[in-house]
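An overview of the molecular structure
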Amino acid sequence: MKAVAIHRDSDTPELVEKPRPEPEHGEALVRTLRVGVDGTDHEVVSGGHGRFPDGADHMVLGHEAVGVVADPNGTGLDIGQHVVPTVRRKPDGQTNDYFRRSEADMAPDGQYVERGIVGAHGFMAEYFTSPADFLVEIPASLAPYGVFVEPLSNTEKAIEHAWAARSAFEWNPEAAAVLGNGPLGLLTLWRLTQTVDRTYCVGRRDRPDITLDFIDEVGSTYVDSRETPVDEIPAAHEVVDVVYEATGYAPHAFQSIEALAPNGVAALLGIPDSWTFEIDGGGLHTELVLDNKCLIGSVNSGYTHFEAARERLEAMPTDLLDHLITTVTGPENVAPAFVDDDDQIKAVVAFGAPQAED
Ligand code: NAP
Ligand code: BGC
Ligand code: ZN
């Protein structure tokens, strides 16, 4: 079968031929329909994040997938059922309390692998296998947009944790700032427009630009970080109750504290490289304490977050989803899916011709 992989000595994804995987006990065989590409995939390809499967000279890419069950293999799934796989799996031969509790997303480094990212082959292949309890059913109508379930599930987790951190008192967030106008930031921006009255999205682009058009379309206000650094959002606009960081620009983690209203919460999702810079640590520490502010980190997502993302996506207008998909290409011509320029938001690699059950 065809698959798209990155080799250890290369920074260019390539088409490779691999045997079709055989499902083991408890696993189903899934025929892949679409796989999305995000900032993390670019970090994996450039060697900035993740690691190859032990002993392998390549890793099949892809963690944002949607497919159709081809062989339920006695798992109780139905042939033709559309599914989205979760990303984390137990490391070979191990299990641990996080997986026993279905909280793999809370496992520390070393206690999980991530398909297509950390030590395990991904889903960017004509077929993949997965334990059935890591496959989230979605309706057929959502299949063209199924690649958004995984990234939105990351956001559903971050929002659940951020709101939980403010659950001990009466908290009514009215304004939120999303940092980053990549695919994760824009999807999250729409999500937050469903929950808070006023939203801001921080980027560093000039108009005309397709991401800034999206910000306008969802009724949000664009903030150019070259003119208004994140810590100056209160002076230029207003203090915000929620910050969602999706830039991977490390100073944003600390500037967020100053953008927050008292009792606000900032969720950090970006994964920057090591970066040393100066901050007023004492001032920020004091601000966190005296204003009851909260900074949380959030990574990955669990089954319930995928279910929440599925429900949310069903409510998202398809013209907005179409706006986000900028490239659809096949595995034989995968280069356009890994172009990272201002015209790209969400690139999708599509497998095979549609079949009756699609
Ligand atoms: P992406 O495509 O790299 O998007 C990042 C966006 O941030 C880009 O649009 C970039 O603008 C913008 N940006 C960077 N620095 C900025 C600055 N100083 N001011 C304003 N805008 C700035 O990545 P993504 O897929 O949306 O994901 C965002 C980040 O979250 C990545 O670091 C990714 O690894 C991480 N991530 C984490 C999780 C998790 O579970 N924690 C899940 C998914 C992704 P330009 O395009 O104009 O340069
Ligand atoms: C993926 C998550 C993963 C994270 C860190 C994100 O792009 O969507 O599932 O946990 O990267 O590797
Ligand atoms: Zn991702």
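Cut-offs used in this document
Residues numbered from 1 in each chain as written. Chains lettered and ligands numbered in written order. Predicted model: local features only at pLDDT ≥ 70, side-chain atom pairs only at ≥ 80, totals over all residues. Heavy atoms only, no water. Helix = DSSP H or I, 4+ residues; strand = E, 2+ residues; numbered from the N terminus. Buried < 20%, exposed > 50% of the residue type's maximum accessible area, 1.4 Å probe, protein only. Near = heavy atom within 4 Å. Polar contact = N/O pair within 3.5 Å; in protein donor to acceptor, adjacent residues only side chain to side chain. Areas by Shrake-Rupley, 256 points an atom, 1.4 Å probe, with all protein chains shown as cover. Nonpolar A, V, L, I, M, F, W, Y, C, P; charged D, E, K, R; others polar. Domains from an automatic or database assignment. Axes fitted to C-alpha atoms, helices over the stretch in contact; angles between N-to-C directions. Parallel < 35°, antiparallel > 145°, perpendicular 65-115°, else oblique. Left-handed = near helix turned anticlockwise from the far one by under 90°. Contact = heavy atoms within 4.5 Å. Core = buried A, V, L, I, M, F, W, Y, C linked by side-chain atoms within 4.5 Å.

A separate point is the environment of D133. In this fold, D133 is placed in the loop between strand 10 (127-131) and strand 11 (135-137). With relative accessibility at 57%, the residue D133 sits in the exposed group. Spatially, the C-alpha atoms of D133 and L77 are 9.9 Å apart, while their sequence positions differ by 56 residues.

Ligand 1 sits among 26 residues. The nearest are G39, R204, R205, S225 and S298. One of the side-chain nitrogen or oxygen atoms of R204 is found 2.8 Å away from an oxygen atom of ligand 1. L269 places a main-chain nitrogen or oxygen 3.0 Å from a nitrogen atom of ligand 1. When isolated, ligand 1 has an accessible area of 920 Å², and the protein chains bury 86% of it. Every element with two or more residues in the shell around ligand 1 is listed here: helix 1 (39-45), helix 4 (183-193) and strand 13 (198-203). Among the elements that take part in the shell around ligand 1, helix 1 stands out by supplying 3 residues, more than any other. Residue classes in the shell around ligand 1 are distributed as 8 nonpolar, 14 polar and 4 charged. When residues of the shell around ligand 1 are sorted by domain, at least three fall in each of domain 1 (2-137 + 317-350) and domain 2 (153-297).

Let us look at the packing of helix 7 (residues 251-259) against helix 8 (residues 281-290). At a minimum axis separation of 10 Å, helix 7 and helix 8 run at an interaxial angle of 50°. By the angle between their axes, helix 7 is oblique relative to helix 8. Helix 7 and helix 8 meet at a crossing whose hand is left-handed. Facing F254, I257 and E258 of helix 7, the residues of helix 8 in contact are L284, E287 and L288.

With that out of the way, let us pick up the nonpolar core. Ranked by size, the top nonpolar core spans 49 residues in total, and within it F148, F214, L313, M316 and L324 carry the most contacts. Each of two domains, domain 1 (2-137 + 317-350) and domain 2 (153-297), supplies a minimum of three residues to this core. In contact with M316, not counting residues within four places along its chain, are L187, W190, F214, L321 and L324. One finds V83, A125, V334 and F338 within the second-largest nonpolar core, a separate group that totals 36 residues.

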